[in-house]
Amino acid sequence: MEEQQRRALRRGRARLVAALRVEPLWDPLEQRGIFTRPMLEELQSAGSRGEQARQLIIDLETRGKQAFPAFLSILRDTGQGDLAEMLIQECESRPVPPQLPDLRPVELELREGKHRKSHMPKARFQCDEKGNSVCVGKDVNSRSVVLLCLTVTCPCQDYKMKADPCGHCLILNNVNFSRDSGLSTREGSDIDCEKLERRFKALHFTVLSRRDLKAQEMVLELLELSRQDHSALDCCIVVILSHGCQTSHIQFPGGVYGTDGKPIPIEKIVNYFNGSNCPSLRGKPKLFFIQACGGEQRDQGFVVDCDSPEEETPGSSLESDATPFRVPSGNVDEPDAIASLPTPSDILVSYSTFPGFVSWRERSSGSWYVETLDNVLEQYAHSEDLLSMLVRVADAVSAKGRYKQMPGCFNFLRKKFFFAC
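This text gives an overview of the structure that appears in the document. Just so it is clear, the model here is predicted, and its values are computed rather than measured.

The subject of this paragraph is the overall build of the protein. A count of helices and strands for the protein gives twelve helices and 16 strands. Within the protein, the fraction of its 421 residues that count as buried is 47%. Pairs at least 24 apart in sequence give 75% of the contacts found in the protein among residues at least 6 apart. For the protein, the exposed area adds up to about 22,100 Å²; of that, 50% sits on carbon and sulfur atoms.

Relative to the assigned elements, Lys-415 resides in the segment after strand S16 (408-411). The exposure class of Lys-415 is partly exposed, given its relative accessible area of 30%. Taking C-alpha positions, Lys-415 is 8.1 Å from Asp-346, a pair spaced 69 residues apart along the chain.

If you look at the biggest cluster of nonpolar residues, it comprises 34 residues, and the most contacted ones within it are Phe-200, Phe-205, Ile-237, Phe-289 and Phe-419. For this core, the secondary structure elements donating two or more residues are strand S5 (167-173), helix H8 (189-202), strand S6 (205-211), strand S7 (235-241), strand S11 (286-291), helix H11 (368-380) and helix H12 (386-398). When residues of this core are assigned to their parent elements, the largest contribution, six residues, is made by H11. In this structure Phe-200 touches Cys-169, Phe-205, Val-207, Ile-237, Val-239, Phe-289, Leu-377 and Phe-419, once residues within four positions along its chain are discounted. Grouped together as the second largest cluster of nonpolar side chains are 29 residues, Ala-8, Leu-20, Ala-67 and Leu-72 included.

With that settled, the discussion passes to the packing of H8 against H11. As a packed pair, H8 and H11 sit with axes 10 Å apart at the nearest point and diverge in direction by 20°. Judged by the inter-axis angle, H8 sits roughly parallel to H11. Crossing handedness for the pair H8 and H11: left-handed. Across the interface between the two elements, Asp-192, Lys-195, Leu-196, Arg-199 and Phe-200 from H8 touch Val-370, Glu-371, Leu-373, Asp-374, Leu-377 and Glu-378 from H11.

Attention now moves to helix H5 (residues 49-60). In a regular helix each residue adds 1.5 Å, so twelve residues correspond to 16 Å; H5 covers 16 Å between its end C-alpha atoms and thus fits that length. If you check which residues of H5 are buried, you get Gly-50, Gln-52, Ala-53, Gln-55, Leu-56, Ile-57, Ile-58 and Leu-60.

Turning to the side chain of Glu-267, a few remarks are in order. Summarising the element assignment, Glu-267 is placed in helix H10 (residues 266-271). Although Glu-267 lies buried, it forms no salt bridge, and the closest oppositely charged side chain, Arg-6, sits 10 Å away as judged by the N-O distance. Of the polar contacts made by the side chain of Glu-267, one reaches the backbone nitrogen of Phe-252; its length is 3.0 Å.

Definitions and cut-offs
- Residues numbered from 1 in each chain as written.
- Predicted model: local features only at pLDDT ≥ 70, side-chain atom pairs only at ≥ 80, totals over all residues.
- Heavy atoms only, no water.
- Helix = DSSP H or I, 4+ residues; strand = E, 2+ residues; numbered from the N terminus.
- Buried < 20%, exposed > 50% of the residue type's maximum accessible area, 1.4 Å probe, protein only.
- Contact = heavy atoms within 4.5 Å.
- Areas by Shrake-Rupley, 256 points an atom, 1.4 Å probe, with all protein chains shown as cover.
- Core = buried A, V, L, I, M, F, W, Y, C linked by side-chain atoms within 4.5 Å.
- Axes fitted to C-alpha atoms, helices over the stretch in contact; angles between N-to-C directions.
- Parallel < 35°, antiparallel > 145°, perpendicular 65-115°, else oblique.
- Left-handed = near helix turned anticlockwise from the far one by under 90°.
- Expected span 1.5 Å × (residues − 1).
- Lys, Arg positive; Asp, Glu negative; His and termini not counted.
- Salt bridge = Lys/Arg side-chain N within 4 Å of Asp/Glu carboxyl O.
- Polar contact = N/O pair within 3.5 Å; in protein donor to acceptor, adjacent residues only side chain to side chain.

Shown next as structure tokens:
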């Protein structure tokens, strides 16, 4: 789909959600190959007419080059030509460039009372090499001096975390999979779940854990959380413990499996909580922690000179959450017909492993990633921001075992995130 067509759908979304009659659209959308029947059934499960309309417009952006003209034709055929004309007008209009504020430096004059006015120099604030704010001026002999040194963290640079509880935390823990799925039991995952339940409760979150859910049941849990009113809360956390795989993506790679062996793209999960689908979380941090494989490759690492401790070769209790990358059956969509997001903001997705590689888990102690994440949060959540702690997690996990694992994250946060401890 072309960019101006996507822009038209976004600009016209409010009117479409308010006026679109979705019921007569389902059959023509399937007949013209824009959506499959399972896709339409999921759209119909989105809730009210308005919620179905909103999700339809969002998903329509992912359905390829023919989706927009076909949608206009279907609107006219179902007596909704006024909405089609509105979209055409939006498509033809030019985007409005953003208005940038006029930001200029200002000079400050520091005085210590009227009797010393003549001896006090004019001063200006600047940053030193360590990032501290310093006030620099001239003394009575015209020598440069540092008049004041401040270590300042502007409140506007941190996310507000004053609500109690801070927010909801949903943990989806899949351990036992159907025989038909071909996926093994994830022994040790319950240990991960218990650790994270305790940790996020201690960090003032309301925690809900669900175990052994099919893909559609996982989707319903995620949708239920995204539709709650988060207005009085400051944050939202989603944790997924399951088998994983590679999937097609734009921003967020990978997918996770339900116990029935059906995959859900991470990108789709994140999309439920973006600013379009979850208005009460707009401007608030949305954190996703994914303990699942990103693929099948086993990383044996490379030799370096370092002081990292050597660890024993993984024994028989070491398992991975890897599953093969499965190509969708049937006709493959065009390259742009992939699940996508509006420009994400206030989102962080932390992965247990680099895309394409396996993620290791011990039967007796749980996964390397969750065990390390729990330890780091316990030691540093009171003093360090989240990104700094995730660097600690990556460093510690990367030093483990004969086969290597490298956690990482996709960060779209606008500010520093500190837990309320």
